[in-house]
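Spelled out, the chains give:
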Amino acid sequence: MTSLRLSKPDTDTLVPFIGAVALILCGSLVYPQFLTLTYLGQQLQISAFLGVIAMGATIVILLGHIDLSVPWVVGGAAIMSTALVGSGDALLGAIAIPAALLFGALIGVINGFGVAIMRIPSMVWTLAVNSMLLGVAVLNTGGFNPKGEASATMVWMASGHLLGLPVAFVLWMALTAGLTLFLGRSGFGRYLAAIGYNEKATFLSGVGTPRVIFTAFALAGACSALGGVLLAGYANQAYQSMGDPYLLPTIAAVVIGGTSILGGRGGLAGTIGGALFITLLTSILSVMQISNAWRSIIFGLIILGVLLFQNLRRKAAS
Amino acid sequence: AETYRPECFAAAPGSGEISYEAKDGPYKIAFVNGFAGNDWRIQAIQSAKAWAARPENAAKIEDFKVVSVGNDSAAQIAAIDNFIAAGYDAVTFIAVNPTAFEPVIRRAARAGTVLVPFDNVLDSDKVVMVNESQIGLGHLKAQTVMDALGGKAKKILMVNGLPGNATDRDRRVGMMEVLGQVEGLEIVEVVGNWDTGTSQKVVSDALATHGQFDGVVSQHGAAGTINAMQAAGHPIVPMGVDAENGVRMLMDELNIPGVSASQSPALSAIALEAAVALLEGHTLPQNLALPIPQVKAEDLAPGVNYFPDLPKSFNTGTGFAECFEPFTPEELLGQSADNN
Amino acid sequence: MPDFLRSNRRETIAVAVLVLLLALYLGTHPRGASTYVLTIWGNQCLILALAAAAQFFAVIVRGIDLSVGAIMALCNSLASHVLGGTGIDLFFGCLLVVGAGLLAGVVNGLFIVFGRIQPIVVTLATASVLVGLALILRPTPGGAIDYDLADAMTLDLGGVPSSLILGALVVVAFWLPLRRTGLGMGLYAVGSSEQAAFQSGINVRLIRIAAFGLAGVFAALAGLYFSFVTTTGDAGIAPNFTLNSIAAVVLGGVALRGGVGSLIGAMAGAFILKTIGALMFFSGLPPLAQPFVEGLILAGAISIGGADVLRVRNRLEVFGR
Amino acid sequence: MSPDQNPIVELVGISKHYGATAALEGVDFACHAGEVHAVLGENGAGKSTLMKLIAGVIQPTEGQVRVDGQPCTLPNPAAAVARGLVCMFQELSLVPDLTVLENLMLGAPGTGLGRLRRDVVAPARAVLARIDGGHIRMSARVADLSLAERQQVEIAKAITRNPRLLILDEATSALNASVVDKVFAMIREETARGIGVLFISHRFHEIEALADKISVFRNGRHVDTFRNGDYGYGAIIGKMVGQRIDDLFPPKRSTPPGDEVLRLDGFGWPGGIEDVSISLRRGAIVGLGGLDGQGQSRVLQGLFGLLKGTAGEIRIGGNPVRIATPEAAKSPELGIALVPEDRKTEALILDQSIARNLELAALGVPGVAAEDPAIYQPFTDALELKCASLDQPVGQLSGGNQQKVALAKWLALKPRCLLLADPTRGIDVKTKTQIYRLLRQLADQGTAILLLSTDYEEFIHLCDETHIFYDGRIVRHLSGDDVTAENILAATMNMAVSEASHA
Ligand SMILES: Nc1ncnc2c1ncn2[C@@H]1O[C@H](COP(=O)(O)OP(=O)(O)OP(=O)(O)O)[C@@H](O)[C@H]1O
Ligand SMILES: Nc1ncnc2c1ncn2[C@@H]1O[C@H](COP(=O)(O)OP(=O)(O)OP(=O)(O)O)[C@@H](O)[C@H]1O
Ligand SMILES: [Mg+2]
Ligand SMILES: [Mg+2]
């Protein structure tokens, strides 16, 4: 009788990290500046914004769902936190970040409700929630909008440095570590994967699957909201549709990180690589001064290439 | 009351003229917006509502509808067709796709509906179009920066807008008109998508890889551009930037030389003004070139041309003095959502 | 016919919702029900309906196609180059455009089947490539479509909007016959249970490639019809249609887990979605409140389809529905 | 036709390896026209693998397949069907979202991607009518059918494909004895017409009744082939498992059952069950019998918190309780466990490892060290789970071994009340005896067991008492000497009641 072991970490996880290093090395042939600490630090900082959001998305994708409300949770959290800070009230300013996170979690609960209770496919329900959030944001600007402003804490979180590393990056790593620990320790991670593979069997194993789904979406919402807070701190302001550029890259980062879009397989560690890879790819294509059309084509082809590589390697391995 | 002010309707160079048979008011007018989810568009809607709420205008209007159809030119065509079908006297709109309206113009002409596109205007000579000169806007920013540099520069950073968009193309053309003349100039272009966060990222990357620039010309989203430069410790250099409230705050605070100029959302009100003038039988230039609302860095003044108490995403271009008393921020922001 | 209603319940709901919304729309329209109003309505609805049809073929085999909008953009851009001529040129132009869509769809299918990558991810990446290609064809909007052809496709025939005739044609001349073939049934089988389909002797790979090929063809048709409505080319239309096509198929009762639903439902879903938007025109709602109300109606319409889970008495029945 | 002419299918030196696992190893095997050839072997012996090879689902790692004496490859099921090799799989090949009619037409020979032909309907109807499936509507969605009905449709589908060799891989496992008889009668007719039949079943009496020839497989090797009747039961079992098995069932308990653990009073659920009263005592094994779909499984579901709006009362240890979810049911206060009927979709997560599957139910239950393999080991050992390692995905196990995982996962929780839905379906004889022993042992230790079964032997030899269901009600409560095959069968058909009303 063989004994129980923790299964080995998926080597897929390493692919995006290797890809990211390869990107920098190749890029540095044209721009030696890629190898400077400034540039690399900057990339760590910027990928943290995508990374924090993708961290939440990973949880939902592990569950076998998808969260398309990311754009306006990001935007909404940014608007909300800056509005609270900008109100000038010290107390409101102090609760700006927790309030924004709470807002994200609340939207997550609404998402979870549609998915777990109403059994509406997450891909459409979260899309509908997103358009309602857009609607609320638009409606909200119609009235008196307090002057928005990022607090010093928000700016520090997004742009500050700690021990030579960007705070945003440190925060991202710490959260990933914490969340990984939580997923591992609480059994929550097991439930996520189990539901991702087979929700019915998980439910019949006596798991409170609705609770898991609610929690997952709430966590994802809070992560998106944190992303929004960071972005507001980074740009030092909030504006409508500031979350729009994050939806598709988030999904790409999660998938490149080795998490199966169907749920079940994957994890947060891979997403770190995925977010770094996507951020670097975007940045390098931007710096390379190629036309938009070609940027878009090359971006798509490289993503396809990485996925092909991962999948064919996985097939060869099995 | 007479609201027609000819000085408002300056013709773009080479523009023809258009007039329609006068109709008796009050009129039914609609404004068909595209996407609603960004600050500029929201302010354009608010400006339109604020204009219609002013008593002298309200008296001339029987019905005023505003709809947003999203980024779908087919839906926009459908919306305009609907208002034509419903017998509206005039429809103003920001074209989602400026080349898609030839058949709509024909249908409007048949039904006697006056169309007034603005902001993202059409490639057409059959309707009156309200806009600032986009080429002129690009030209202005680049020229101001080059002037500040004494006409000489080695390296300029250009932050472009949304790819594939005619407005982006024209602004870039305007900038290149100036910058292309400068000898030995290296122009580094990045795509900021008219988005503050995106601009900040791409500019950060450009600074890290290209080092220092002598000047910067930036389309919408310049707050991100300035933030990135600050973060990189880039010295203050002359800049041509947009006119968001937050950008002007930064410009004033950091003493950045240059110019802040942009498309004003109040164009929506001018388009309505033009529509009414046309319905009253006035002859207008086919191609209206509104003066570009601009403030030189040295003229920035809080409370006058920017507003520290308002959101940074607020657009400072609240009106055109030639046409009517510019809207006060209160008039725009206080424009509550439910007094349709 | 209890079985018919049972297996087509969601389509039936979709059609009922559509009729209700259309009545509301025509009721608030100052011009009321007329050929003109229905023509305007039908034109914009048919574009999304064709996009939804494209999405349907991907979804029915348990896939999803995030490149629907991108194929439309590519085909629209292409059409604006090749549909300016006359007669036979126009015919071949249309053929070329549809061929481009087919090619794009088949390439998606090949990556999915032989690259063993999930459809959603493949098409996320190919969408980026296709939009790039579209941008090369049309860096900024422009070009022109032959007006006579466009008019023929977007006006009416004896008082009946061309768009509705075309939509009916897709259903009657294509979909209903397809359902009676091994290909049509194979699509459902592969989507419902790949294993069972395979063991029943179905060529799973071929069916899946065919499904994405069909998705490409319909996305091309959507792009083509978009060209007729707007008479011009624009590479920037992609984002708008992809997610809406997914929402449309779900509104039309197509299950995203594959194997359930019909093309009729998918197209009805698209009509619903566009009618919700059109309701705003004369709703008299404050402009800044419109996007919210639109989202609210969308969420409501989606919930109607899901509402019967609340009546489920056996908790196991909610899974995989 | 005589059986000694050329075999329809002949396998020469066939091996099939999955990574390190050898599912088949150097197998020579042939099946002929006009005879029923049974394949025996314990779980994981390689029977399904053999059938899949012949049906074109998988390709051999080594060796040659000959059809009508000609070497050939069968790259996919369509190619096999084209040669007249038609398989009814252990994992059914019906598409759940399509109707019965559509499934019958799907992939019918000669269809391809073209027009579907409806001419399969009449013969399929005739077959269904013969095997008690006449009530199954052509327009019904397969997903809405019970497992037994699905097997009936699957049989009809296979037969209408004009097989020369019909392969039945545990195709009758969910069918009731009376239906099985009818299926056999039909199979006999088919063989008389000259088709060959390959038949897998773990029910020995079925093999005895039907087979002309028997092949035994053990650990992927072909052990022996002989004519039915050449060897006795014991000897065949000996060949199969490599040891003698004397008593399938353990001796019945001697001590009387203890306190009442669970009591159902007037339990009902709209449209499913009505007025069901059952009392379950510590240490008792209570059987739930009846034809398929008469409400037995609903009772189990109701007890496991799966039904909304139930009527009547459930008492656990004398206290009325409300069981809202499986989560509540498994909590230590209630201590109820359900091993569901459909292991593939309900009991297991096929993509996850055995270890992960074992842990899933126990995770988070207070007082249970879910992640300690030692708590499962007694059960996996007792059941002789055959696997490469606990990290192997459950989906790679043979059908019977999957069932063992499904059992072990719940047994480790030491439930107070164990609900089992047909736990021995697809389980080989040897393992069956082990399961029976295990159940008896658990009962002796105080677990109360509610056993839903399609095998009446289990009611006779294992259960202390049995409730027979008909149309959502308990029509007969059998205990002691009343538990006989005749009584069970009669009650199953609701005969006693109808006879009484005629009188
Ligand atoms: N159990 C199954 N269920 C469904 N389809 C299956 C099954 N097994 C095989 N197939 C199908 O049979 C075909 C061959 O599958 P297989 O995995 O043997 O491919 P392969 O030969 O390894 O692939 P490749 O040619 O890419 O190397 C594919 O169409 C596959 O989808
Ligand atoms: N896809 C696979 N990957 C790895 N191992 C497999 C796979 N399929 C089957 N096996 C292994 O091959 C062996 C034979 O399995 P098979 O399904 O043929 O058994 P069986 O005789 O049908 O058993 P049962 O009576 O339980 O159905 C088993 O050990 C099983 O674990
Ligand atoms: Mg088997
Ligand atoms: Mg078996």
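Here the structure is a predicted model, which means the values were calculated and not measured.

Novice: Tell me what's going on with the overall build of chain A, and back it up with residues and numbers.
Specialist: Helix and strand content of chain A: 14 helices and two strands. Its C-alpha atoms give chain A a radius of gyration of 20 Å, near enough to 20 Å, the size a compact globule of 318 residues would have. Overall, the C-alpha framework of chain A stretches about 65 × 55 × 40 Å when taken along its three principal axes. The buried share of chain A, taken over its 318 residues, is 64%. Contacts spanning at least 24 positions in sequence make up 78% of the contacts within chain A whose residues lie at least 6 apart.

Novice: Tell me about the interface of chain C and chain B, residues and numbers included.
Specialist: At the interface, 37 residues of chain C touch 40 residues of chain B. Approximately 3000 Å² of surface area, both sides summed, lies buried where chain C meets chain B, with 62% of it carried by carbon and sulfur atoms. Contact with chain B buries surface across chain C, with F281(C), P287(C) and L288(C) losing the most and accounting together for 21% of the total. Viewed at the interface, chain B and chain C are joined by two salt bridges.

Novice: Requested: an account of the nonpolar core, with residues and values cited.
Specialist: Counting residues in each nonpolar core, the largest one holds 446 residues, and the members touching the most others are F101(B), V130(B), F56(C), F57(C) and I336(D). Apart from residues no more than four positions distant in its own chain, V130(B) is found in contact with V116(B), P117(B), F118(B), D119(B), V121(B), L267(B), I270(B), A271(B), A274(B), L288(B) and L290(B). Within the second largest apolar cluster, 31 residues are counted, among which are L11(D), C31(D), V57(D) and L165(D).

Novice: Could you give me a rundown of the state of the cysteines, with the residues and numbers involved?
Specialist: Taken as a whole, this structure holds one disulfide over all chains when the rule is applied. Sulfur-sulfur distance for the disulfide between C8(B) and C323(B) comes to 1.9 Å. The sign of the S-S torsion, about 85 degrees, decides the handedness of the disulfide formed by C8(B) and C323(B): right-handed. With a gap of 315 residues between them, C8(B) in the segment before β1 (17–18) and C323(B) in the loop between β14 (294–296) and α11 (329–333) connect regions that are remote in the sequence. Grouping residues by exposure puts C8(B) and C323(B) together as buried. No disulfide involves C31(D); its sulfur sits 11 Å from the nearest other cysteine sulfur, which is in C87(D).

Novice: Describe the side chain of T279(A), and please don't skip the residues or the numbers.
Specialist: When you line up the elements, T279(A) lands in helix α13 (residues 268–287). In contact with T279(A), other than residues within four places in its own chain, are Q43(A), I46(A), S47(A) and L50(A).

Novice: Tell me about unusual backbone geometry, and name the residues and values.
Specialist: Residue and element names in this part refer to chain D. You will see that K414, though not glycine, has its phi angle at about 50 degrees, which is positive. On the basis of relative accessible area, K414 is assigned to the exposed category, the value being 57%. Positive phi values are uncommon outside glycine, yet D422 reaches one of about 50 degrees. Take D422: it is sitting in the loop between β17 (417–421) and α15 (429–444).

Novice: Explain the side chain of Q42(A) residue by residue, including any values.
Specialist: The residue Q42(A) is located in helix α2 (residues 37–62) in this model. By relative accessible area, Q42(A) is classed as buried at 12%. Those residues within four positions of Q42(A) in sequence are excluded, and the remaining contacts are S204(B), D205(B) and A208(B).

Conventions and cut-offs
Residues numbered from 1 in each chain as written. Chains lettered and ligands numbered in written order. Predicted model: local features only at pLDDT ≥ 70, side-chain atom pairs only at ≥ 80, totals over all residues. Heavy atoms only, no water. Helix = DSSP H or I, 4+ residues; strand = E, 2+ residues; numbered from the N terminus. Rg over C-alpha atoms; globule rule 2.2 N^0.38 Å. Buried < 20%, exposed > 50% of the residue type's maximum accessible area, 1.4 Å probe, protein only. Contact = heavy atoms within 4.5 Å. Buried area = accessible area lost by both parts, 1.4 Å probe. Salt bridge = Lys/Arg side-chain N within 4 Å of Asp/Glu carboxyl O. Core = buried A, V, L, I, M, F, W, Y, C linked by side-chain atoms within 4.5 Å. Disulfide = S-S within 2.5 Å.

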